[in-house]
Amino acid sequence: MTAYIIRRLLLLPLIIFGVTLIVFSMMQLLGEDQLLAAYVDPNSLDKMSVEELEMVKEKYGLNDDPFTRYVKWIGSVAQGDLGWSIVGKEPVAKAILHRLPSSLELALYAIFPIIGVGVWLGVQAALHRNKWQDQLIRIFSIVGWSFPDFVFGLLVLMVFYSWLGWFPPGRVSLQVANIINSPDFHQYTKLVTIDGLLNGRIDVFWDGLRHLIGPILTLSYLWWAYLIRITRSSMLEVLSKDYVRTARAKGLSEKVVINKHAKRNALIPVATVAGSMIIGLIMGVIIVETIFVRPGIGSFAAKAAGQLDYASIMGMLLFSSFLLIVGNLIIDISYALIDPRIRYE
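Note that the structure is a prediction, hence the values are computed from the model and not measured.

### Here we look at the packing of aromatic side chains
Aromatic rings in a pair are described by how distant their centres are and how their planes are angled relative to each other.
Alright, step 1. For the coordinates displayed, the defined rule picks out eleven aromatic pairs.
Alright, step 2. Centroid distance Phe 140 to Trp 224: 6.3 Å. Interplanar angle 35 degrees. Geometry classified as tilted. In this pair, Phe 140 is assigned in helix α7 (residues 132-146) and Trp 224 in helix α11 (residues 202-239), connecting sequence segments 84 residues apart.
Alright, step 3. Classification of Trp 224 by relative accessible area gives buried; the value is 15%.
Alright, step 4. Members of the aromatic cluster, connected to one another through ring pairs, are Phe 17, Phe 24, Tyr 70 and Trp 73.

Written as structure tokens, this is what we have:
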């Protein structure tokens, strides 16, 4: 297992080099004025003297050859300097870090219902193939798969906020925002619900949770549809294998056959899909965050794209790429944990 992980880790520098090269090449397609605006606050750009502009160009290597410029850019990125965000009105790295807790909190609470319920329903559909349970779950899945996420999100808002008044949009209510910003409240993790518990404020925890339920419900239903279809297909394929029939012929209980022999092997394609879902959640779900007015990095990326904020777009691209690299490494390791044959290949 250690050798397997080391082999995967050795590939990381090459992958990171390739990603940075692609992002850097994309940035070079911008004109000089756009590159300067990506590094310096555009409002102060017009007030800068010629000497000051030259200093900025020298700092970021805009007058150098591409190789020297790449080396300087990598050095800036390594120090967290990703340029100036027009949308965030602050450095890009800070803008991403300020919005990350909102997306991270949504991901933490959404992962378990999405994967747990989705896999369970897929397994139940396969075990009751062509029976009423299977038909019911398949209809549930097809309806979910047919819904555009923005339509289902608006439907959730209409029912649970406009009609019932249970789950409002946003991250917290105005009253709780005042509590969070007060000097007596300590923001240890920047996650509203967890900080609420750490400060002993159940009202803050409950308010943060209420604002999470609508987005979680939307994401869960739409992604259950996909996960159910993958799990059901994978489980049906495994159940038809010879080793499953052999296990049943040996007299093993159905519970042991399903849990020990069938479900574990059926989880490999599910792990791929689930891992990608988790990465997507952490990177921010643009439409859901926009509909539910959550200040996460998904809505930040949407605003940056709408305002042609090149520095923020490139910063998000770099951040997403690193997250994908790390996430795929974890998925690769999970394959080896689920199926021992993979680690010996």
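After that view, the rundown keeps rolling.
### Here we look at the confidence of the model for the protein
Alright, step 1. Of all residues in the protein, 97% attain a pLDDT of 70 or more, and the chain-wide mean is 85.
Alright, step 2. Taking the mean pLDDT of every element in the protein, the minimum, 62, falls on helix α17 (residues 340-343) and the maximum, 93, on helix α10 (residues 192-198).

### A closer look at the packing of helix α6 (residues 92-127) against helix α16 (residues 310-338)
Alright, step 1. The geometry of α6 relative to α16 is characterised by a closest axis approach of 9 Å and an angle of 60 degrees between their N-to-C directions. The angle between α6 and α16 falls in the class oblique. Crossing of α6 against α16: the hand is right-handed. Along the contact surface, α6 presents Val 92, Ile 96 and Leu 100, while α16 presents Ala 311, Ser 312, Gly 315, Met 316 and Phe 319.
Alright, step 2. Across the contact of α6 with α16, the residue classes break down as six nonpolar, two polar and no charged.

### Comments concerning helix α15 (residues 297-306)
Alright, step 1. Ile 297, Gly 298, Ser 299, Phe 300, Ala 301 and Ala 304 are the residues of α15 that are buried.
Alright, step 2. Lining the buried residues of α15 we find β1 (84-85), α6, α13 (254-282), α14 (286-291) and α16.
Alright, step 3. Count one or two residues on from α15 and you reach Leu 308, which has phi positive near 50 degrees.

### Quick look at the packing of α11 against α13
Alright, step 1. Packing of α11 against α13 brings their axes to within 9 Å, and their N-to-C directions diverge by 150 degrees. With respect to their mutual orientation, α11 and α13 come out roughly antiparallel. For the crossing formed where α11 meets α13, the hand is right-handed. Residues Leu 219, Trp 223, Tyr 226, Leu 227, Ile 230, Thr 231, Ser 234, Met 235, Val 238 and Leu 239 of α11 pack against Ile 258, His 261, Ala 262, Lys 263, Asn 265, Ala 266, Pro 269, Val 270, Val 273, Met 277 and Leu 281 of α13.
Alright, step 2. Counted by class, the contact of α11 with α13 contains 16 nonpolar, four polar and one charged residues.

### With respect to the pattern of salt bridges
Alright, step 1. Counted according to the given criterion, the structure contains nine salt bridges.
Alright, step 2. One salt bridge in this structure joins Lys 72 and Asp 64, with 2.9 Å as the shortest N-O distance.
Alright, step 3. Its salt-bridge partner being Glu 90, residue Arg 99 comes within 3.6 Å of it at the nearest N-O pair.
Alright, step 4. Of the residues examined, Glu 90 reaches a relative accessible area of 14% and is grouped as buried.
Alright, step 5. Here the residues in one salt-bridge network are Asp 134, Arg 138 and Arg 232, joined through shared partners.

### Points about empty space enclosed by the protein
In this approach, a probe sized like a water molecule rolls over the atoms, and the result shows the empty space that is left.
Alright, step 1. One pass over the full model with this rule turns up one cavity of 30 Å³ or more.
Alright, step 2. Of the voids in this model, the largest cavity is the one considered here, and its volume is about 70 Å³.
Alright, step 3. Along the walls of the largest cavity sit Met 27, Ala 38, Tyr 39, Trp 73, Leu 82, Gly 83, Ala 311, Met 314, Gly 315 and Leu 318, which together make up its complete lining.
Alright, step 4. Elements that contribute at least two residues to the lining of the largest cavity include exactly α2 (32-39) and α16.
Alright, step 5. Sorting elements by how many residues they give to the lining of the largest cavity places α16 first, with four residues.

Conventions adopted
- Residues numbered from 1 in each chain as written.
- Predicted model: local features only at pLDDT ≥ 70, side-chain atom pairs only at ≥ 80, totals over all residues.
- Heavy atoms only, no water.
- Phe/Tyr/Trp six-rings, centres within 6.5 Å; stacked < 30°, edge-to-face > 60°.
- Helix = DSSP H or I, 4+ residues; strand = E, 2+ residues; numbered from the N terminus.
- Buried < 20%, exposed > 50% of the residue type's maximum accessible area, 1.4 Å probe, protein only.
- pLDDT = per-residue confidence, 0-100.
- Axes fitted to C-alpha atoms, helices over the stretch in contact; angles between N-to-C directions.
- Parallel < 35°, antiparallel > 145°, perpendicular 65-115°, else oblique.
- Left-handed = near helix turned anticlockwise from the far one by under 90°.
- Contact = heavy atoms within 4.5 Å.
- Nonpolar A, V, L, I, M, F, W, Y, C, P; charged D, E, K, R; others polar.
- Salt bridge = Lys/Arg side-chain N within 4 Å of Asp/Glu carboxyl O.
- 1 Å grid on protein atoms, 1.4 Å probe; cavity = no way out; pocket = protein on both sides within 12 Å on 5 of 7 lines; lining within 4 Å.
- Points joined across faces, edges and corners; volume = space filled by probe spheres on them.

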